[in-house]
Amino acid sequence: MAKQESFRFVQLVGPRPRQISPALDFRITPFGRRLLDARESGSGSAVLAVARDFIEETGVDEDRGDREFAALLTQFCDMLADQSPQTLSDYANLVSEVFGRGAQDLLEDRVFDAFRDRVFDRLVSLKLVTDTHFGRLNRYVKLQRAIAILERIAEGDAALNETTSRRLLRSTLELPAEIFPLPADQPDAVEPQPDESADEIAALSQELQDLEIATEEVLTLGAHDLEAFGPTPDLEPGRETATRPRIDDLAAPRELAALLPAPVQNFEPDSRVLLRASSLDALSAPTRRVLATVGITNEPVSLSGTLGQLEGRSTMVAARLARLTEQPDPPQFLRIGTSTIPTNVPAFPAGGSLANPEPPRVPTSVGMIRPTHIGILRKTQQHILRYEAEEIAHVENVVIGETKDRETRRLRRTEDTVTREEETIRDEERDLQTTERTLFQRDAQLTLKEDQKFKLGASVSASYGPVEVSVDTEFSTESSAEAINRTASTFARELLEKTALRISERVRREEIVRTIQEFEETNQHGFENETEEHIAAMFQWLVKVYSAQVYDYGARLFVNVPVPEPQFFLLNTLKKQKGPLADLVEPDPIDFSPSHLRSDNYMKYVRKYQVDGIEPPPPAKRILSKVFRYPESAAPQSEPAPEEMTNSLEMGIPNGYKAVEAYIISQRGRPKHGETTVPGGILSGVTVFIGESYTSFLWDQSGAIKGNYHKALDNETGSIMIGLHARNIQSYVIGIQITLLRTGHAMNEWKLKTYDAIVARYQAMMAEYRERKAELEAQEGIVISGRNPLENRLLERTELTRTALSMITGQNFEEFDAILGFMDGRIDAEEAVPEARYARFFMNCFEWENMTYQFLPYFWGRRSTWKEKLLLQDVDPLHSEFLKCGYADVNLPVRPGFEAALMHWLDTGLIWQGSEPPEITNPRYAPFLDDLRDRRETETEAEEVPVGDPWEIPVYTTLVRIRPGNSLPEWQRDEDTGEFIPVPESD
């Protein structure tokens with residue numbers, strides 16, 4: 001009858017101490033000095049470069065003189081394997097037989113000492129350059145191992161008396177600690193730079209605000225701040241220029257003409273109305289500084305030009321600020337069936353050049369994680385030994401001549417209600433009691449699972465079972481094999497005893513399940529005593545007695561990886577996906593006031609709240625124009641022009657503006673009589689009235705009346721009167737252009753109106769949101785929240801794998817960029833090949849499928865996240881622990897056969913690319929390799945190795961038997977063991 005497996009577990013222990021440690025001692029050679037100098041620089045890349053240069057200079061083949069020593073050392077190793085010397089003297093005799101002299105004489109030979117230097121140089125250089133010459137490295141490892149044995153023999157090491165030659169030839173060679181492991185490349189020290197973009201954004205925002213304030217202050221200037229600049233007008237002798245009070249009625253041209261002074265001569269075309277220097281000086285200091293930035297000082301300048309400069313600068317600053325503050329679009333996702341895929345993946349990578357790609361590279365950094373334990377797979381197996389009779393279950397008394405019939409009726413009724421009742425003893429009678437053969441194994445597994453439930457967030461490997469740390473093995477390797485085996489046996493014994501107790505308690509539990517279906521069983525028992533004595537039939541409970549034993553089923557190298565906050569990336573991703581994935585999004589509340597609205601930012605709020613019908617802000621300057629002409633058409637006139645003509649109109653000024661400047665131009669005018677005067681002594685010309693100012697145009701020597709003039713106005717609002725009086729004029733064309741400036745009232749009115757429209761739209765959006773939300777809640781029904789637990793397990797293991805790799809490799813996957821871009825996702829093959837090799841190594845090096853982990857509470861994480869994590873909930877309890885944990889304690893087994901390759905990567909930061917890597921590493925890792933090799937050699941000799949002594953486990957059953965005879969059962973104490981054993985039954 002075969003043994004049955006009860007359960008399995010992994011026991012983590014430290015490596016056993018090495019009996020003998022062959023080492024590659026550091027030798028002071030020119031190459032060795034160069035390595036030391038490169039290592040002192042703190043750069044692993046510099047050490048690798050020295051090794052590569054050495055190989056290119058000297059090659060890897062032995063010199064002609066070295067081949068003799070190499071052949072003798074190889075012969076020495078072969079004879080060690082064949083003859084298997086047992087004592088130190090046997091080793092010494094073998095050295096004399098091969099080399100013709102003793103080990104001490106050989107090592108003192110200068111020629112052999114120089115050969116040892118060259119072996120050191122080539123072995124270290126080949127260890128550091130792994131992309132070529134794989135076979136040569138194994139050869140030099142074998143030669144150096146033979147040299148290390150010779151050194152032990154010369155020293156008279158007594159450990160050789162207790163070590164087999166096979167173990168010597170298989171021992172891991174220790175690298176010199178002066179060189180290995182290589183230091184990680186340190187990035188160039190860069191002084192922390194201030195966030196220039198943040199500083200620039202703050203500066204641009206302030207400048208934009210200053211420009212707006214300066215513009216509003218300039219707009220407060222008016223006609224009194226303007227004056228005419230340009231050539232002085234030429235006046236006729238005896239003529240004067242005057243400004244009359246406002247004339248409201250131009251109906252009597254002759255009387256009006258009599259009151260008018262003589263018109264002045266035309267100004268030159270370059271005459272302008274400019275701001276007074278005193279008005280510029282009266283502006284506030286911040287406004288003067290802003291004007292200086294756009295090139296305006298205290299020199300006279302036009303008001304329109306000043307506003308144009310400020311507006312242009314504001315436009316440029318606002319555009320730059322918009323580019324800096326532009327936020328990337330959040331991830332958008334599309335549902336296709338039951339899958340969610342991103343829809344806004346950029347087609348081109350950020351930065352870089354497709355024409356000149358960077359040379360292929362993979363990370364060479366090595367993290368701070370190192371091998372910590374050897375995990376031994378333990379299996380507990382059981383086999384039944386016997387059955388024993390225990391306490392009395394029932395007594396049936398039948399007196400002489402008595403006949404007793406007993407009928408047992410059992411009824412099972414199926415209903416929706418389940419009633420459970422627990423008692424100390426279950427009282428149940430059956431005609432036939434049965435038990436299950438696999439009962440104990442199943443309950444042992446269940447007990448194991450319940451024990452693991454107390455470790456919230458713990459994961460148990462299906463192949464290895466739980467991980468049980470026997471002793472503190474992270475810093476010590478001095479644990480005895482007896483202590484390790486005792487720990488394993490104790491763990492297994494305690495678990496099985498709990499299981500046996502669980503079964504005992506279960507047979508005393510009664511469960512009644514009532515359903516709609518009915519099942520009825522009737523058993524009849526009869527007793528008839530035809531003897532001459534009373535009969536007392538005693539029924540005893542039967543107990544199964546199992547024999548349990550722990551067996552060793554192999555070892556693995558384990559790496560313990562502490563991972564801080566493994567859910568960090570997942571939580572951030574979920575936060576960013578929440579908005580785009582939701583069908584219903586609540587509008588953002590309005591967090592600004594009317595004063596925050598400006599011409600450069602109001603459209604942001606308009607688009608955000610989808611407001612229609614918003615008018616742009618009123619411009620700082622507006623122009624009104626009017627043209628007067630006579631005759632109104634070019635057709636010949638049937639009647640001559642009158643001696644005097646007048647024309648007038650009242651031009652409306654838009655609300656929020658004031659008139660500050662007028663520009664009058666006469667392009668064509670001709671005297672009626674060809675003379676400068678008319679009867680009454682009135683000069684020929686045109687006088688234009690604008691508000692309270694007027695301007696006259698006279699006939700000049702060319703026979704035409706033309707010219708242009710800039711005139712300051714009086715800040716008129718609402719409307720302005722324009723009039724024209726022509727004397728002795730056959731025809732004329734007069735153009736008038738009035739410059740209006742915005743008042744502060746106009747801008748404030750626009751801000752209030754725009755703000756009210758935005759608020760109204762926000763309120764409408766909130767009403768729509770609440771209405772739609774109520775509809776969805778009414779239609780929602782039963783909603784299954786959370787993910788499938790299997791999907792959660794995959795997500796958790798993926799994040800644990802990524803974060804554990806970051807801790808092991810000391811990198812964050814920033815150098816993986818083999819996709820060039822474009823819509824078809826073009827691949828950079830030169831980058832993809834080394835990246836794939838790197839990824840394949842780490843995914844194959846560890847048994848990720850057997851990774852075990854335990855989530856530590858939230859308070860081991862950042863204190864700033866405590867409040868958020870404490871109340872996190874999920875329908876999946878294990879996933880909830882993952883989301884809340886502060887650390888994850890991960891135990892990761894190394895795949896068998898990858899141990900030496902992992903040690904090589906830890907030593908050099910380079911991926912081993914050859915076949916089987918040689919067992920040569922630094923002294924810290926060598927005990928792990930030797931211990932694993934010894935354990936696996938033992939595994940091949942025997943499939944299972946027992947650990948500790950077997951023990952017996954009683955398991956209570958539901959079976960009963962009739963006790964022979966009428967004597968009652970008795971138990972007596974065993975003096976040797978102290979156990980109570982049953983007294984043999986009497987006949």
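Note that the coordinates shown come from a computational prediction; the quantities given were computed from them, not determined experimentally.

Attention now moves to the overall build of the chain. What the chain contains, in helices and strands, is 24 helices and 31 strands. Sorting the 987 residues of the chain into buried and exposed places 40% on the buried side. Within the chain, residue pairs in contact and separated by at least 24 positions form 84% of the contacts whose partners lie at least 6 positions apart.

Turning our attention to the pairing of strand S19 (residues 685-690). Across the six residues of S19, six count as buried, placing the element largely inside the fold. Here S19 shows a buried face lined by Gly685, Thr687 and Phe689 and a second buried face lined by Val686, Val688 and Ile690. Where S19 lies against strand S22 (residues 719-727), six bridges are found, and the strand directions are antiparallel. Bridge pairing in S22 links Ile690 to Ile722.

Another point: unusual backbone geometry. Residue Phe180 is joined to Pro181 through a cis peptide bond whose omega torsion reads -5°. Relative to the assigned elements, Pro181 resides in the loop between strand S2 (173-174) and helix H9 (196-218). Phi at Ser84 takes a positive value of approximately 50°, unusual for a residue other than glycine. Here Ser84 shows up in the loop between helix H3 (66-83) and helix H4 (88-99).

Taking 1.5 Å of rise per residue, the 21 residues of helix H19 (residues 789-809) would be expected to cover 30 Å, and the 30 Å separating its terminal C-alpha atoms lies within 8% of that figure. Residues Asn792, Arg793, Glu796, Glu799, Leu800, Thr801, Thr803, Ala804, Leu805, Ser806, Ile808 and Thr809 constitute the buried set of H19. Structurally, the start of H19 carries an N-cap: the backbone nitrogen of Leu790 is 2.8 Å from a side-chain oxygen of Asn788. A positive backbone phi angle near 70° is found at Gly810, which sits one or two residues after H19.

To continue, consider the side chain of Thr801. Its place among the elements puts Thr801 in helix H19. Under the relative-accessibility criterion, Thr801 is labelled buried at 13%.

So, about the nonpolar core. The biggest cluster of nonpolar side chains holds 98 residues, and the ones touching the most others in it are Phe76, Leu128 and Phe846. It is helix H7 (residues 134-155) that provides the largest number of residues to this core, a total of nine residues. Core analysis: the second largest hydrophobic core is formed by 26 residues, Leu291, Leu303, Leu310 and Val317 among them.

In this fold, His879 is placed in helix H22 (residues 877-884). Engagement of the side chain of His879 in a polar contact is seen with the side chain of Glu796, the distance being 2.8 Å. Beyond its immediate chain neighbours, meaning those up to four positions away, His879 contacts Leu570, Arg787, Asn792, Arg793, Leu795, Glu796 and Asp874.

Helix-helix packing is characterised by the crossing angle of the two axes and by the distance between the axes. For the pair H3 and helix H6 (residues 110-128), the least separation of the axes is 10 Å and the interaxial angle reads 85°. The angle between H3 and H6 places the two elements in the roughly perpendicular class. Taken together, the residues of H6 that come into contact with H3 (itself represented by Asp66, Phe69, Ala70 and Leu73) are Val111, Phe112, Phe115, Arg118 and Arg122.

Across all of its chains, the model carries 35 salt bridges by this definition. As a salt-bridge pair, Asp117 and Arg27 come within 2.3 Å of each other at their nearest N and O atoms. Linking Asp117 in helix H6 with Arg27 in the loop between strand S1 (4-13) and helix H1 (30-40), this pair joins segments that are 90 residues apart in sequence. Residues Asp117 and Arg27 agree in their burial class; the two are buried.

On to the packing of aromatic side chains. The tally for this structure, following the rule as stated, stands at 23 aromatic pairs. Pairing Phe76 with Phe99 gives two aromatic rings, centres 5.9 Å apart and planes at 55°, and the pair type is tilted. Remark: Phe99 occurs in helix H4 and Phe76 occurs in helix H3; sequence separation between them is 23 residues. Here the two residues Phe76 and Phe99 agree in accessibility, since each one is buried.

Moving on: the confidence of the model for the chain. When the pLDDT values of the chain are averaged, the result is 77; 73% of them are 70 or greater. Between the elements of the chain, mean pLDDT differs from a low of 41, seen in helix H10 (residues 253-259), to a high of 94, seen in strand S27 (residues 887-893). In the model, residues 424-434 has pLDDT below 50 throughout and makes 22 contacts with residues more than four positions away in sequence or in other chains.

On the surface, Ile392, Val395 and Leu968 cluster together into a nonpolar patch covering about 240 Å² of accessible area. Note that Ile392 resides in strand S7 (residues 371-398). Judged by its relative accessible area of 33%, Ile392 falls in the partly exposed class.

Turning our attention to the environment of Ser666. Looking at where Ser666 falls in the secondary structure, it is placed in strand S16 (residues 657-671). For Ser666, a relative accessible area of 3% puts it in the buried group. Residues Ser666 and Asn708 lie 42 residues apart in sequence; the distance between their C-alpha atoms is 6.2 Å.

Turning our eyes to something else, we now look at the environment of Met766. Summarising the element assignment, Met766 is placed in helix H18 (residues 744-780). Taking the relative accessible area as the measure of exposure, Met766 reaches 6% and is therefore buried. For Met766 and Glu586, which are 180 residues apart along the polypeptide, the C-alpha to C-alpha distance reads 7.3 Å. Setting aside residues up to four positions removed in sequence, Met766 forms contacts with Glu586 and Pro587.

Inspection of H1 places Phe31, Gly32, Leu35 and Ala38 among the buried residues, and these make up the whole buried set. Each buried residue of H1 lies within a common arc of 125° when the element is viewed along its axis, so the set occupies one face. Exposed residues on H1 whose side chains face more than 90 degrees from its buried face are Pro30, Asp37 and Glu40. Positive backbone phi, at 80°, marks Gly42, one or two positions downstream of H1.

Turning our attention to the packing of helix H20 (residues 829-845) against helix H23 (residues 899-908). Interhelical geometry of H20 versus H23 gives an angle of 130° and a closest axis separation of 11 Å. Classified by the angle between their axes, H20 and H23 sit oblique to one another. The element H20 and its partner H23 pack so that their crossing is left-handed. For the pair H20 and H23, contact is made by Phe841, Phe842 and Cys845 and by Ala901, Leu902 and Trp905, respectively.

This next bit is on the environment of Asn601. Structurally, Asn601 is set in the loop between helix H16 (568-581) and helix H17 (602-609). It is 9.0 Å that separates the C-alpha atoms of Asn601 and Ala322, two residues lying 279 residues apart in sequence. Polar side-chain contacts of Asn601 include one of 2.9 Å to the backbone oxygen of His596.

About the thresholds
- Residues numbered from 1 in each chain as written.
- Predicted model: local features only at pLDDT ≥ 70, side-chain atom pairs only at ≥ 80, totals over all residues.
- Heavy atoms only, no water.
- Helix = DSSP H or I, 4+ residues; strand = E, 2+ residues; numbered from the N terminus.
- Buried < 20%, exposed > 50% of the residue type's maximum accessible area, 1.4 Å probe, protein only.
- Contact = heavy atoms within 4.5 Å.
- Pairing = 2+ DSSP bridges.
- Expected span 1.5 Å × (residues − 1).
- Polar contact = N/O pair within 3.5 Å; in protein donor to acceptor, adjacent residues only side chain to side chain.
- Core = buried A, V, L, I, M, F, W, Y, C linked by side-chain atoms within 4.5 Å.
- Axes fitted to C-alpha atoms, helices over the stretch in contact; angles between N-to-C directions.
- Parallel < 35°, antiparallel > 145°, perpendicular 65-115°, else oblique.
- Salt bridge = Lys/Arg side-chain N within 4 Å of Asp/Glu carboxyl O.
- Phe/Tyr/Trp six-rings, centres within 6.5 Å; stacked < 30°, edge-to-face > 60°.
- pLDDT = per-residue confidence, 0-100.
- Patch = residues over 30% accessible without salt bridge, like charges linked within 9 Å, V, L, I, M, F, W, Y side chains within 5 Å.
- Areas by Shrake-Rupley, 256 points an atom, 1.4 Å probe, with all protein chains shown as cover.
- Arc of directions from axis to C-beta.
- Left-handed = near helix turned anticlockwise from the far one by under 90°.

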